[in-house]
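Structural description and commentary
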Amino acid sequence: MTGRPTRPACRLAALSLAALVSACQDRPGSATSEAGEAAAIAASAPTLVEGQQAIRARVIEFKSKLQQDPYSASAKHGLGLALLDEGDPRGAEHEFSQALELGLPPDLGLPSLARSWLLLGRSKDLVATHGAAVLKQPSAAADLKASLALAHANLGDPRRARQLAKEALALDPRSVHAQVVQAQVELADGRAEQARALIERALQADPAAAEALELKGDLLLHVQRDLAGARSTYERALTVAPRRLPVHAKLIAMALGERDIATAQALHERLTALAPGTLPQRHFKARLLYARGQLKPALDEVNGALIDYPKDLRSLLLAAELALQLGQLKQAEEALANALIIGPRVARTRHLLADNFLRAGNPEKALMVLEPLVRARPPDPLALGLSADAALQQGLPLVASRLYEQAAALDPANPRLRTAVAQARLARGDVEAGLSDLEAAAAADPSAHADMALLAARLKVGDLPAALRAAERAAQKQPARALPQWLIGQLQRRAQRPEAARAAFAKALQRDPAFLPAATSLAEMDLAAGQLPQARQRIEDILKRRPDQLDAQLALAEVRFRSGEPAEAVTTALEALARQHATQARARLALVEHLMRSSTPTAAVAAAQAAVAELPDQAVLVDALGRAQLRAGDSAQALSTFRRVVTMRPRAAEPHARMAEAHLARRETESALAELRTAVKLDPDLLPALAKLADVATASGHDAEALRVTRQMQQRFPHANTGWHAEGLVHAARKRWDAAQAALRTALQRGES
């Protein structure tokens with residue numbers, strides 16, 4: 001489930017996150033006070049049109065002053081302002097704190113310190129420490145209140161944010177900062193015209209007000225959906241404030257949102273040249289790696305940024321999302337727990353945390369996390385959708401369907417929710433209605449999300465032509481993406497059209513020359529055709545582009561094995577990869593799988609045991625250990641291992657199917673039947689378990705159950721031959737030859753058995 005809440009409170013929280021660093025980038029206005037030198041320094045700080053060299057020169061100038069007088073509060077304040085402009089909020093915070101300690105008037109120091117804390121993600125600290133501060137100068141008080149408004153919005157308190165923004169503007173109606181913060185509040189509350197008026201008023205007072213230009217770009221982007229206008233306005237903001245890092249970040253985010261990786265990379269290189277090592281530069285480096293599918297390097301990058309900026313909410317959420325993608329649920333949970341402390345009312349944190357619990361097979365915890373969002377009035381549509389996902393895990397398809405429908409009613413334009421409603425109908429067995437709803441959702445969805453869901457659903461019921469049509473529609477909607485073309489190729493292979501498959505895979509590589517699945521698929525076809533050097537070359541071409549990509553290294557090992565290289569040589573290569581990527585489950589899994597197929601089950605058990613000892617929370621490795629033990633003939637130990645997988649994944653069907661295999665190896669037929677019944681109850685669409693249940697029921701004389709299961713397969717998979725083939729075997733076992741012949745003839749009509 002993905003999406004976002006639309007109620008005003010959540011919109012304000014989201015806006016504040018997007019604007020958190022943006023409104024802090026301009027220097028706070030200096031107050032007229034007795035501290036003449038400090039006020040003069042504040043006034044002489046770089047104007048918005050000064051470039052990087054001028055800012056660096058100011059930093060050097062103030063450092064030189066501090067060498068002459070290390071205890072100059074005014075020089076420290078000036079250095080802090082210069083460091084803020086240079087994109088170093090940590091250094092700025094240090095200088096502001098020391099300046100205040102040395103006696104800098106709070107009217108000068110606190111507004112500056114507040115902006116640096118916001119840039120560092122210290123909204124909670126700002127509210128707790130300076131939320132009640134009283135400043136003498138109206139302009140200084142207005143500046144601090146505006147920053148406090150952003151802090152409260154970031155913490156998910158829109159009511160207090162609105163109040164403080166209003167007070168800031170009343171204190172200093174001419175303050176551009178206060179006008180922009182008030183405009184953000186109006187925009188978050190859905191009053192776009194009032195926000196536009198405030199922005200224009202600020203720009204009339206100061207046409208070079210970068211924060212006003214930035215918010216104007218936000219309005220064009222998020223309200224008017226004018227991407228070209230937003231991009232132009234952001235670039236105009238950069239002409240007057242070249243080092244305004246949030247604007248650079250927003251331009252990169254726009255390019256990533258349009259899947260224009262090349263433009264995003266060019267924009268990031270520009271940002272890196274201006275501000276290497278800063279939080280936005282590191283954050284978006286991780287985002288770019290993520291966009292390219294390099295999840296582990298992306299996670300390493302954002303984790304490195306979090307060492308220096310541990311309270312940055314955006315980076316915590318990105319780290320959590322990446323950890324989720326990599327299956328590192330414990331790390332994801334830790335990042336989200338920290339994010340929840342920093343922004344307890346930020347809905348996105350609860351969304352991701354619930355997703356984490358759902359992936360871990362703990363729907364009860366997911367529901368607890370989502371409860372505040374579901375109980376809100378109106379409830380959060382995405383939270384309702386995730387609650388529906390939890391209900392499905394609990395085996396409550398009717399409850400899930402009701403929740404999906406409530407979510408879709410709150411957000412009717414959200415095609416993902418419409419897709420979820422259709423999928424819920426499929427889950428409760430209403431196949432025709434569910435497929436019809438998916439077709440309608442796909443037709444209305446400008447993205448390819450519903451098409452992908454429809455493709456999966458059509459494949460599940462064995463309707464290959466309809467699945468191919470869905471893939472082709474997804475490719476039309478995403479002409480620059482490689483994935484849809486690869487899916488078309490896979491479907492063409494299943495349809496026994498190799499030339500069409502090759503053409504689709506080639507198109508995928510044209511769109512993304514480093515797209516490994518397409519290269520791997522072509523290599524598989526090369527191997528089948530005896531073109532061994534060409535198969536190897538395809539994977540090596542990927543490794544030339546991304547030499548550290550683990551999946552490509554594993555694919556090369558697979559090609560080497562299938563090309564006829566000695567199994568021992570491939571084992572050595574996979575052992576080296578497992579050592580090199582010791583924390584990556586898939587590297588260790590590849591080694592275990594290779595040892596099993598190489599007829600060395602004892603070595604496979606040893607490798608799996610070592611993997612589980614290193615990564616005990618990875619259910620996929622525990623499952624591999626059980627399979628290796630079963631292959632080695634130790635069915636008792638395999639059964640114990642599979643029970644552990646069931647404990648780790650209590651809502652998953654596959655572990656019960658594995659336990660059935662172990663029971664059958666021990667000739668414990670009734671126990672195997674019990675596990676298979678549990679598996680198909682947990683997942684009525686797990687076709688291998690259904691087929692096995694029919695087979696075992698037939699062999700053990702449970703004819704009525706066997707026939708019931710075959711009917712279930714025929715209903716849920718009407719275009720597949722499996723159900724009719726299984727029915728034919730049931731009748732044949734009881735020598736009902738006419739019925740067997742009729743069922744098997746129907747199976748042949750639906751494809752080869």
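As the structure is a computational prediction, the values presented were derived from the model and not from experiment.

1. Examining the overall build of the protein chain
- Looking only at helices and strands, the protein chain has 43 helices and zero strands in total.
- The C-alpha radius of gyration computed for the protein chain amounts to 30 Å, which stays within 12% of the reference 27 Å derived for 753 residues, consistent with globular compactness.
- Reported as C-alpha extents along the three principal axes, the dimensions of the protein chain are approximately 105 × 55 × 45 Å.
- For the protein chain, buried positions account for 53% of its 753 residues.
- Partitioning the intrachain contacts of the protein chain with sequence separation of at least 6 by distance along the chain shows that 54% fall at a separation of at least 24.
- For the protein chain, the computed accessible surface area is about 32200 Å², with 53% contributed by carbon and sulfur atoms.
- Each charge sign in the protein chain was given a centre, from 95 positive and 83 negative side chains, and these centres are 3 Å apart.

2. As for the packing of aromatic side chains
- The tally for this structure, following the rule as stated, stands at one aromatic pair.
- Ring geometry for Trp-486 against Phe-515: centres 6.5 Å apart, planes inclined by 75 degrees, an arrangement best described as edge-to-face. Pair noted here: Trp-486 is in helix α28 (residues 483-494) and Phe-515 is in the loop between α29 (498-511) and α30 (516-528), with a separation of 29 residues, a long-range link.
- A residue is classified by how much of its surface remains accessible, and Phe-515, at 15% relative accessible area, is buried.
- Lying over the aromatic face of Tyr-309, Arg-90 brings its terminal NZ or CZ to 5.0 Å of the ring centre.

3. Comments concerning the pattern of salt bridges
- What the rule picks out here adds up to 45 salt bridges.
- The salt bridge partner of Asp-526 is Arg-502, with a shortest N-O separation of 2.9 Å. Here the residue Asp-526 occupies a position in helix α30, and Arg-502 occupies one in helix α29, the gap between them amounting to 24 residues.
- Residue classification places Asp-526 among the buried residues on the basis of a relative accessible area of 0%.
- In this structure Arg-502 comes out as partly exposed when scored by relative accessible area, which is 21%.
- Between Asp-623 and Arg-658 there is a salt bridge, with the nearest N and O atoms lying 2.9 Å from each other. Within this pair, whereas Asp-623 is found in helix α36 (residues 619-631), its partner Arg-658 is found in helix α38 (residues 654-665), the two being separated by 35 residues in sequence.

4. Some thoughts on the nonpolar core
- If you look at the biggest cluster of nonpolar residues, it comprises 73 residues, and the most contacted ones within it are Leu-126, Tyr-234 and Ile-252.
- The greatest single-element share of this core, amounting to nine residues, is contributed by helix α8 (residues 138-154).
- Ranked by size, the runner-up nonpolar core spans 44 residues in total, among them Trp-486, Ile-539, Leu-543 and Ala-555.

5. Considering the environment of Ser-97
- Along the chain, the position of Ser-97 falls in helix α5 (residues 89-101).
- Along the chain, Ser-97 and Leu-113 lie 16 residues apart, while their C-alpha atoms are 7.1 Å from each other.

6. Focus: the packing of α8 against helix α9 (residues 158-171)
- Closest axis-to-axis distance for the α8/α9 pair is 8 Å, and the angle between their directions is 165 degrees. Classed by the angle they form, the pair α8 and α9 counts as roughly antiparallel. Regarding α8 and α9, the two cross each other, and that crossing is left-handed. Contacts between α8 and α9 involve Pro-138, Ala-141, Ala-142, Lys-145, Ala-146, Leu-148, Ala-149, His-152 and Ala-153 on the former and, on the latter, Arg-160, Ala-161, Leu-164, Ala-165, Glu-167, Ala-168 and Leu-171.
- Along the lines of polarity and charge, the residues of the contact of α8 with α9 split into 12 nonpolar, one polar and three charged.

7. Some thoughts on helix α14 (residues 245-257)
- Between its terminal C-alpha atoms α14 stretches 18 Å, which fits the 18 Å expected from 13 residues at 1.5 Å a residue.
- For α14, a buried count of 11 out of 13 residues is recorded, marking the element as mostly surrounded by other parts of the structure.
- Among the residues of α14, Leu-245, Pro-246, Val-247, His-248, Ala-249, Lys-250, Leu-251, Ile-252, Met-254, Ala-255 and Leu-256 are the ones counted as buried.

8. Quick look at the confidence of the model for the protein chain
- For the protein chain, mean pLDDT is 84; residues scoring 70 or higher make up 91% of the total.
- Segment residues 1-50 is flagged for pLDDT under 50; beyond a separation of four residues in sequence, or across chains, it makes 141 contacts in the model.

Scoring rules and cut-offs
- Residues numbered from 1 in each chain as written.
- Predicted model: local features only at pLDDT ≥ 70, side-chain atom pairs only at ≥ 80, totals over all residues.
- Heavy atoms only, no water.
- Helix = DSSP H or I, 4+ residues; strand = E, 2+ residues; numbered from the N terminus.
- Rg over C-alpha atoms; globule rule 2.2 N^0.38 Å.
- Buried < 20%, exposed > 50% of the residue type's maximum accessible area, 1.4 Å probe, protein only.
- Contact = heavy atoms within 4.5 Å.
- Areas by Shrake-Rupley, 256 points an atom, 1.4 Å probe, with all protein chains shown as cover.
- Lys, Arg positive; Asp, Glu negative; His and termini not counted.
- Charge placed at Lys NZ, Arg CZ, Asp CG, Glu CD.
- Phe/Tyr/Trp six-rings, centres within 6.5 Å; stacked < 30°, edge-to-face > 60°.
- Lys NZ or Arg CZ within 6 Å of the ring centre and 35° of its normal.
- Salt bridge = Lys/Arg side-chain N within 4 Å of Asp/Glu carboxyl O.
- Core = buried A, V, L, I, M, F, W, Y, C linked by side-chain atoms within 4.5 Å.
- Axes fitted to C-alpha atoms, helices over the stretch in contact; angles between N-to-C directions.
- Parallel < 35°, antiparallel > 145°, perpendicular 65-115°, else oblique.
- Left-handed = near helix turned anticlockwise from the far one by under 90°.
- Nonpolar A, V, L, I, M, F, W, Y, C, P; charged D, E, K, R; others polar.
- Expected span 1.5 Å × (residues − 1).
- pLDDT = per-residue confidence, 0-100.

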